[in-house]
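One letter stands for each residue in the lines below.
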Amino acid sequence: MSWSEHDIPDQRGRVAVVTGANSGIGFETARALAAAGARVILGCRSLERGEEARRAIAERLPDADLELRRLDLGELASVESFADALAADLPALDLLVNNAGVMIPPRGRTADGFELQLGINHLGHFALTARLWPLLLAATDARVVVVSSTAHRWGWMDFDDPHWERRRYSAWAAYGQSKLANLLFARELARKVR
């Protein structure tokens, strides 16, 4: 059986947050949800690129209900600010798509000192989900989507050195670790919700 965006059920009356909605999978997800009638909040680190994406979707879907908000998953203060603003503005959140990420950048750290890929791809989304949890619980049938990659296959969780402080850094292995962390998080979240 094949599935396409045309199989998305009617999303009118539902609110969705898509992280990294300015390009790639995030952009296409935001566009498809808007086409299905959802109010879509684009969470983007760059407001300039986010606005370009918002305009591109609006040109194709003039009736789309789109909103752009700044969200930098590499700064926990930004995650907190984004979530607090949503909590002040929304009674509930129906869909959270944890999509944003970085792939094999040079070795770096987030604003809070975490290895860049684990910090943005996993820890930022973990914190965002936790902060938005009351809004998700307030929805009738909320969903959390965690986007990962087949790169999880070459990842392993080194819980003694998750931020590559003692190991020789490998951008590919760090990326795989972050994608494995995404899957472990999604699995545990699903288990706890059940």
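Residues numbered from 1 in each chain as written. Predicted model: local features only at pLDDT ≥ 70, side-chain atom pairs only at ≥ 80, totals over all residues. Heavy atoms only, no water.

## Observations regarding the overall build of the protein
The following threshold applies: Each helix is a run of DSSP H or I of at least 4 residues and each strand a run of E of at least 2, with the numbering of both proceeding from the N terminus. Here the globule rule is a power law, 2.2 Å times the number of residues to the power 0.38, and the radius of gyration is based on C-alpha atoms. Burial status follows relative accessibility: with a 1.4 Å probe on protein chains alone, a residue under 20% of its type maximum counts as buried, one over 50% as exposed, and anything between as partly exposed. By definition, residues are in contact when any of their heavy atoms lie within 4.5 Å. Counting rule applied: Lys, Arg positive; Asp, Glu negative; His and chain ends not counted. Here the site of a charge means NZ on Lys, CZ on Arg, CG on Asp, or CD on Glu.
Within the protein, the regular secondary structure consists of five helices and five strands. Each helix and strand of the protein, ordered N terminal to C terminal, gives the series β-α-β-α-β-α-β-α-β-α. Over its C-alpha atoms the protein spans a radius of gyration of 17 Å, differing by no more than 12% from the 16 Å that the globule rule assigns to 194 residues. Taken along the three principal axes of its C-alpha coordinates, the protein extends 50 × 40 × 40 Å. Of all 194 residues assigned to the protein, the portion counted as buried reaches 47%. Sequence-distant contacts, at least 24 apart, represent 70% of the contacts inside the protein between residues at least 6 apart. If the 24 positive side-chain charges of the protein are averaged to one point and the 25 negative ones to another, these points end up 5 Å apart.

## Focus on the packing of helix H4 (residues 116-138) against helix H5 (residues 171-193)
In plain terms, the rule: Orientation is described by axes fitted as lines to C-alpha atoms, over the contacting stretch for helices, and by angles from 0 to 180 degrees between their N-to-C directions. Our angle categories are set so that under 35 degrees counts as roughly parallel, over 145 as roughly antiparallel, 65 to 115 as roughly perpendicular, and the remainder as oblique. By definition, any crossing whose near helix is turned counterclockwise from its far helix by less than a right angle is left-handed, and any crossing with a clockwise turn is right-handed.
Closest axis-to-axis distance for the H4/H5 pair is 7 Å, and the angle between their directions is 20 degrees. On the basis of their axis angle, the class for H4 and H5 is roughly parallel. In this structure, H4 crosses over H5, and the sense of that crossing is right-handed. Taken together, the residues of H5 that come into contact with H4 (itself represented by Gln-117, Leu-118, Asn-121, His-122, Phe-126, Thr-129 and Trp-133) are Ala-171, Ala-174, Tyr-175, Gln-177, Ser-178, Lys-179, Ala-181, Asn-182, Phe-185, Leu-189 and Val-193.

## What about the sheet that holds strand E3 (residues 65-70)?
Where we set the bar: Here a strand pair is declared whenever DSSP counts at least two bridges between the two strands.
Sheet architecture is open: five strands sit in the order E3-E2-E1-E4-E5, paired in parallel fashion. Taken across any chain shown, the strands that pair with only one partner, and hence form the sheet edges, are E3 and strand E5 (143-146). Going across the sheet, the axis of each strand differs from the next one's by a mean of 15 degrees, ignoring polarity. Where strand E2 (residues 39-44) and E3 come together, six bridges link them in parallel fashion. Residue Ile-41 lies in a different strand from E3, and its bridge partner there is Glu-67. Helix H2 (residues 47-60) contacts E2 and E3 of the sheet and is inclined by roughly 175 degrees relative to E3.

## Some remarks on a nonpolar patch on the surface
How we decide: A patch is a set of surface residues, each over 30% in relative accessible area and not in a salt bridge, joined within 9 Å for like charges and within 5 Å for the nonpolar side chains Val, Leu, Ile, Met, Phe, Trp and Tyr. Areas reported here follow the Shrake-Rupley algorithm with a probe of radius 1.4 Å; residue values treat only the protein chains shown as occluding. For this document, the term salt bridge refers to a Lys or Arg side-chain nitrogen within 4 Å of an Asp or Glu carboxyl oxygen.
Together, Met-103, Ile-104, Trp-154 and Trp-172 give the surface a local cluster of nonpolar side chains, amounting to about 400 Å² of exposed area. Note on placement: Trp-172 falls in helix H5.

## Considering the environment of Ala-53
Secondary-structure assignment places Ala-53 in helix H2. Excluding residues that lie within four positions of it along the chain, Ala-53 makes contacts with Ala-21, Asn-22, Phe-27 and Leu-42.

## Considerations on the packing of helix H3 (residues 76-89) against H4
Where H3 contacts H4, the two axes come as close as 9 Å, and the packing angle between them is 20 degrees. As the angle between them shows, H3 and H4 are arranged roughly parallel. The element H3 and its partner H4 pack so that their crossing is right-handed. Taken together, the residues of H4 that come into contact with H3 (itself represented by Leu-76, Val-79, Glu-80, Phe-82, Ala-83, Asp-84, Leu-86 and Ala-87) are Gly-124, Ala-127, Leu-128, Arg-131, Leu-132 and Leu-135.

## Some remarks on the environment of Leu-66
The residue Leu-66 is located in strand E3 in this model. Residues contacting Leu-66, with those up to four places away along its chain left out, are Ala-34, Val-40, Leu-42, Arg-54, Ile-57 and Ala-58.

## Here we look at the pairing of strand E4 (residues 95-98)
Here is the rule: The path from the first strand over the helix to the second decides the hand: if it runs clockwise while the strands point away from the viewer, the crossover is right-handed.
Neither face of E4 is left uncovered, since the one carrying Leu-95 and Val-97 and the one carrying Leu-96 and Asn-98 both have all their residues buried. In this structure, strand E1 (residues 15-19) lies alongside E4, joined through three bridges in parallel fashion. Bridge pairing in E4 places Val-17 opposite Leu-96. Bridge analysis of E4 against E5 gives four bridges, and the strand direction is parallel. Along E5, the bridge assignment pairs Val-97 with Val-145. Assessed by its sense of winding, the connection that carries the chain from E4 through H4 to E5 is right-handed.

Remember, this is a structural readout, not a statement about activity or role.
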